[in-house]
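Listed here are the chains, written in short residue letters.
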Amino acid sequence: MTEETHSVPRTRTHNCGELRPSDVGADVVLMGWVHRIRDLGGLTFLDVRDRHGLTQVVARDGSAVLARIKQVRPEYVIGVAGPVERRSEETLNPKIATGEVEVEARALVVLSEARTPPFQIDEETPVSEEVRLRYRYLDLRRARMRENIGLRHRITMAVRNSLDADGFWEIETPLLTKSTPEGARDYLVPSRLHAGEFYALPQSPQIFKQILMVSGMDRYFQIVKCFRDEDLRADRQPEFTQIDVEMSFVDEEAVFAAVERLMQAVFHVLGKEVPAPFPRLTYDEAMTRYGSDKPDLRFAMPIQDVSGVFREGRFKVFRELVARGGSVRALVVPGAGRQSRAQIDNLVDEALALGAKGMVWVRQSPEGAIQSSILKAAGEEALAQVVETVGAGRDDLTLIAAGQGYEASVLLGQFRLRLAEREGLIDENRTSLSWVVDFPLMDWSETEQRLVSMHHPFTSPRPEDLDRLEDDPAAVRARAYDLVLNGNEIGGGSIRIHRAELQARIFRLLKISDEEAQARFGFFLDALQYGTPPHGGIALGLDRIVALVAGEPSIRDVMAFPKTSAAVDLMAGSPSSVDRRQLRELHLE
RNA sequence: CGGGUCGUAGUUCAGUUGGUUAGAACGCCGGCCUGUCACGCCGGAGGUCGCGAGUUCGAGUCUCGUCGGCCCCGCCA
């Protein structure tokens, strides 16, 4: 038999996703995982799978490999050799790229056997995330994860190419470094050579990238792991990847332009064009109109000020609040006015659950009569005026809240998001990229009883606010900006302080003593004194960007080996205890 | 640390008011099958109901504790 003279060479000629009708007749060698076996008795089909796709292999009656193929099980790694054949018209499979052809197995070798996997490697079988994480190597074989990881690679390459084209150099910075001031809790690494001393893993390469500007590197980027020892969320992992960028001799405009080109390159990977420049709004506008510093601008629904209606009105609660400098704000929810009274009351309960003191609503009956939870107390006239001011239609529901500062807007901002989602007002196909600018420089921390940097302590104040730094620090705006994608913060940066005197002044305000500043980052303050170019930059969250464009709910789904919400690696079993000998070497016992 | 939710076969789930021998689907094992492609048909094996106490004549079901997954608050420059 000629078949028995066949054997399988050591290397493949094609991958499992590339055979086409033009290959018909060629003798090929495929290698991959057994995806599925369809044993029809005297005829057996087998799908062999690799990263590139799926190819059908057929073994016919009388073939020498038919007996052998029956020994094969799912997830075995095999090699198959044989001719490519065109499938007959009725047996084409349009669902796979190689579906017009199949390979007739003349030889088959089992390269390695596989235990029965704990779950099926397909897209149909649901698997809990816990099991997926424990057997991540199997989960990564599934199309969803394979596509996410591939997308991440293509985005990463697009980022590198875009920044390279703009003259950036990719430069590595240390992972064993020194604790940065302020910010998140550090991961610490004990030093063996220096008893009682520790390295810190970087929360970001902030100081190093600024020093690279002092060094004259001009434009730097790095796709780099960062570490923060804080509690986890769907969009937060203890180690995550930043696209870290810094530029010399620039203002905000140059940073925005570079990042806009970069984001266009990212979306180009998906075949999407995004218009630039991206819209900008100030922190104050964002907070006032959307109740968030990362507003989702895929839909409108701005929060409006109706303080004027209540300033002189009958409704005492609002009148007095406005008199004390507060504001009354309103959110129109299109189409929500026809909900039942009970549903609307539920919204008020929801507001109370969010910690609000209260929330008021107004709507019109189908006949146009004003209905409201404060109809008697505020009077029909005032409420009609609200409806007119905000431009609410017959079917709309208007929610009203009052408070000091951004309090009312923040509450309504949460309903803006929740209700837009519930009412289906968000166009999932839209892409909204925007800049939020003019963040406050500092914020009062109740827990620490001192001013803290809102961004980080190297952020430059806006020059026109400099004279207010000491008298009214809360009013000082920073040259800081965030990049927002569909209501998610995907990056933040600033123009930095490049003069040592101003940096020292900021530290005084932050109650960071000279001694402390010297001890923790004296090297950086020294560097600033040797000729520092004006500079600024940004850090973008690569995991978040990929998750958002992949439509995944969690950044875990775009990371090969993520940790659980308790910061545990279920596959590797970390963290774990270590030998006492290791502890002794590290002077930890 | 706090709030919510889930934990039953390898996997995903069902399991009534606390009551006989805890079920289904997929997977797995065996058999049949020459054009399947989530093949089909027949048969079979498979359970520490997360763990530990408690209430009860009797607990998958109720109570308490504990462990783990997920979401959220705080936290995250």
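Heads up: these notes are all about the structure in this document.

## What about the overall build of chain A?
Of regular secondary structure, chain A possesses 18 helices and 23 strands. Along the first, second and third principal axes, the C-alpha atoms of chain A reach 100 × 75 × 50 Å. Taking all 589 residues of chain A together, the buried fraction comes to 50%. Taking as baseline every contact in chain A between residues at least 6 positions apart, the subset at least 24 positions apart corresponds to 68%.

## Points about the pattern of salt bridges
Summed over all chains, the structure comprises 48 salt bridges. Between K209 and D244 there is a salt bridge; the shortest N-O distance is 2.8 Å. Note that K209 is positioned in helix α6 (residues 206–214) and D244 in strand β11 (residues 239–248), a separation of 35 residues in sequence. For the pair formed by K209 and D244, the shared burial category is buried. Where R468 meets D465, a salt bridge forms, and the shortest distance between an N and an O atom there is 3.0 Å. Among the residues examined, R468 registers a relative accessible area of 34% and is labelled partly exposed. Judged by relative accessible area, D465 falls into the buried class, the value being 1%. Each of R132, R136, D139, R142, R144, E552 and D557 takes part in one network of salt bridges that share partners.

## Notes on the protein's contact with RNA strand B
Close to RNA strand B lie 46 residues, the nearest being D39, T91, S453, H455 and S565. Counting only atoms of RNA strand B within 4 Å of the protein, the sugar-phosphate share comes to 54%. In this structure, a base nitrogen belonging to RNA strand B sits 2.4 Å away from a main-chain N or O atom of T91. Tallied by class, the residues present in the surface near RNA strand B amount to 13 nonpolar, 15 polar and 18 charged.

## A few points about the packing of aromatic side chains
This model, assessed by the stated rule, comprises 13 aromatic pairs. Their ring planes at 80° and their centres at 6.3 Å tell us that Y135 and Y137 sit as a pair that is edge-to-face. Classification of Y135 as partly exposed rests on a relative accessible area of 28%. On the basis of relative accessibility, which here comes to 45%, the residue Y137 falls in the partly exposed class. With a centroid separation of 5.1 Å and an interplanar angle of 85°, the aromatic rings of F256 and Y481 are classed as edge-to-face. Here F256 is found in helix α7 (residues 252–269), whereas its partner Y481 is found in strand β21 (residues 480–485), with 225 residues between them in sequence. Accessibility expressed as a relative area gives 2% for F256, which makes it buried.

## Considerations on the side chain of Q242
Counting through the fold element by element, Q242 comes out in strand β11. When neighbours within four sequence positions are excluded, Q242 is seen to be in contact with Q203, S204, P205, Q222, I223, V224, C226, R228, A539 and L540.

## Overview of the packing of helix α5 (residues 143–165) against α7
Direction vectors running N to C along α5 and α7 enclose 145°, while the axes themselves pass 9 Å from each other. Our pair here, α5 against α7, has a crossing hand that is right-handed. Contact residues: L151, R154, I155, A158, V159, S162 and L163 in α5; R261, L262, A265, V266 and V269 in α7. Considered class by class, the residues forming the contact of α5 with α7 number nine nonpolar, one polar and two charged.

## Considerations on the pairing of strand β22 (residues 488–495)
Most of β22 sits out of view: six of its eight residues are buried. Where β21 hands over to β22, the hairpin turn is made up of two residues, of which N486 adopts a positive phi near 50°. Bridge count for β22 against strand β23 (residues 535–541) is five bridges, and the pairing is antiparallel. Across the sheet, G493 pairs through a bridge with I538, a residue of β23.

## Re the pairing of strand β2 (residues 43–50)
The element β2 is extensively covered by neighbouring structure, given that seven of its eight residues are classed as buried. Pairing geometry for strand β1 (residues 27–39) and β2, over six bridges, is antiparallel. Looking at β2, one finds that D39 is bridged to T44. Remark: three residues form the turn of the hairpin made by β1 and β2, two consecutive strands paired antiparallel; G41 in that turn has positive phi of roughly 100°. Pairing analysis gives eight bridges linking β2 to strand β3 (residues 53–60), with the strands arranged antiparallel. Residue pairing for β3: D50 is matched across the bridge by G53. Between β2 and β3, which pair antiparallel and follow one another directly, the connecting turn spans two residues.

## Points about the nonpolar core
I243, M263, L433, W435 and L483 are the most contacted members of the largest nonpolar core, which has 39 residues in total. The biggest single contributor to this core is α7, with eight residues. Discounting chain neighbours no more than four positions away, the residues touching W435 are F256, V259, E260, F278, P279, R280, L281, Y481, D482, L483 and I538. By size, the runner-up hydrophobic cluster in this structure holds 32 residues, among which are Y283, A286, L441 and L509.

## Section: a nonpolar patch on the surface
A surface patch of nonpolar side chains, amounting to about 300 Å² of accessible area, comprises Y137, F561 and M571. Looking at the secondary structure, you find F561 in the loop between α17 (542–550) and α18 (580–585). The exposure class of F561 is partly exposed, given its relative accessible area of 47%.

Conventions used here
- Residues numbered from 1 in each chain as written.
- Chains lettered and ligands numbered in written order.
- Predicted model: local features only at pLDDT ≥ 70, side-chain atom pairs only at ≥ 80, totals over all residues.
- Heavy atoms only, no water.
- Helix = DSSP H or I, 4+ residues; strand = E, 2+ residues; numbered from the N terminus.
- Buried < 20%, exposed > 50% of the residue type's maximum accessible area, 1.4 Å probe, protein only.
- Contact = heavy atoms within 4.5 Å.
- Salt bridge = Lys/Arg side-chain N within 4 Å of Asp/Glu carboxyl O.
- Near = heavy atom within 4 Å.
- Polar contact = N/O pair within 3.5 Å; in protein donor to acceptor, adjacent residues only side chain to side chain.
- Nonpolar A, V, L, I, M, F, W, Y, C, P; charged D, E, K, R; others polar.
- Phe/Tyr/Trp six-rings, centres within 6.5 Å; stacked < 30°, edge-to-face > 60°.
- Axes fitted to C-alpha atoms, helices over the stretch in contact; angles between N-to-C directions.
- Left-handed = near helix turned anticlockwise from the far one by under 90°.
- Pairing = 2+ DSSP bridges.
- Core = buried A, V, L, I, M, F, W, Y, C linked by side-chain atoms within 4.5 Å.
- Patch = residues over 30% accessible without salt bridge, like charges linked within 9 Å, V, L, I, M, F, W, Y side chains within 5 Å.
- Areas by Shrake-Rupley, 256 points an atom, 1.4 Å probe, with all protein chains shown as cover.

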